[in-house]
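Listed below, chain by chain, are the residues.
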Amino acid sequence: QRVFPKIVQPFLKRLDYDSVHSMALRWRIAAGVEIDPAVCFGQPVASTSRIPTRILSTAFVANGEQVDVVADWFRIPTEDVQAAIDFERAIAA
């Protein structure tokens, strides 16, 4: 119980709660990435474009690792692509 404030509490701050039921709505799991059960069946998605991080990261690798190409292809900001790449690399490590 002593470690709760140091380890668990920072994760709880990244949760957005429903004001009516006080239940968690979405989890901002990383910079520019969130998990929302109502979006893509709860897969991690880029926060602004709502495209799954796995799709963006795979497209990045398939297109010669060019962020701009993937961003243009999906018509999204390059920041979304970079956030997806960073997230997928972090969980793969």
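Computed from a predicted model, the values in this text were never measured in an experiment.

1. Section: the side chain of Ser-57
- Locating Ser-57 in the fold gives a position in helix H3 (residues 53-62).
- Among the residues examined, Ser-57 registers a relative accessible area of 14% and is labelled buried.
- Setting aside residues up to four positions removed in sequence, Ser-57 forms contacts with Ala-84, Ile-85 and Glu-88.

2. Structural notes on the packing of aromatic side chains
- Using the criterion set out here, one finds 1 aromatic pair in the structure.
- When the ring of Trp-73 is compared with that of Phe-74, the centres are 5.1 Å apart and the planes differ by 55°; the resulting orientation is tilted.
- Residue classification places Trp-73 among the exposed positions, given a relative accessible area of 58%.

3. What to know about the pairing of strand S2 (residues 24-30)
- Here 3 bridges tie strand S1 (residues 15-17) to S2, and the two strands are oriented antiparallel to one another. If you follow Tyr-17 over to S2, its bridge partner there is Ala-24.
- Where S1 hands over to S2, the hairpin turn is made up of 6 residues, of which Ser-22 adopts a positive phi near 55°.
- Taken together, the 2 bridges between S2 and strand S3 (residues 33-35) define a ladder with antiparallel strand orientation. Paired with Trp-27 across the two strands is Ile-35, which belongs to S3.

4. Digging into the sheet that holds strand S4 (residues 44-46)
- In spatial order, the strands read S1-S2-S3-S4; together these 4 strands make up an open sheet with antiparallel pairing. Each edge of the open sheet carries a strand with a single partner, namely S1 and S4. Neighbouring strand axes in the sheet, compared pairwise and without regard to direction, differ in orientation by 30° on average.

5. Re the packing of H3 against helix H4 (residues 67-74)
- Axis separation between H3 and H4 bottoms out at 9 Å; the angle between their running directions is 125°. Considering their axes alone, H3 and H4 lie oblique with respect to each other. The handedness of the crossing between H3 and H4 is right-handed. For the pair H3 and H4, contact is made by Ile-55, Leu-56, Ala-59 and Phe-60 and by Val-67, Val-70, Trp-73 and Phe-74, respectively.
- When its residues are assigned to classes, the contact of H3 with H4 shows 8 nonpolar, no polar and no charged.

6. Focus: the packing of H4 against helix H5 (residues 78-92)
- Interhelical geometry of H4 versus H5 gives an angle of 120° and a closest axis separation of 8 Å. By crossing handedness, the relation of H4 to H5 is classed as right-handed. Counting all contacts with H4, which are made through Val-67, Asp-68, Val-70 and Ala-71, the residues of H5 involved are Thr-78, Val-81, Gln-82 and Ile-85.
- Class assignment of the residues belonging to the contact of H4 with H5 gives a composition of 5 nonpolar, 2 polar and 1 charged.

About the thresholds
Residues numbered from 1 in each chain as written. Predicted model: local features only at pLDDT ≥ 70, side-chain atom pairs only at ≥ 80, totals over all residues. Heavy atoms only, no water. Helix = DSSP H or I, 4+ residues; strand = E, 2+ residues; numbered from the N terminus. Buried < 20%, exposed > 50% of the residue type's maximum accessible area, 1.4 Å probe, protein only. Contact = heavy atoms within 4.5 Å. Phe/Tyr/Trp six-rings, centres within 6.5 Å; stacked < 30°, edge-to-face > 60°. Pairing = 2+ DSSP bridges. Axes fitted to C-alpha atoms, helices over the stretch in contact; angles between N-to-C directions. Parallel < 35°, antiparallel > 145°, perpendicular 65-115°, else oblique. Left-handed = near helix turned anticlockwise from the far one by under 90°. Nonpolar A, V, L, I, M, F, W, Y, C, P; charged D, E, K, R; others polar.

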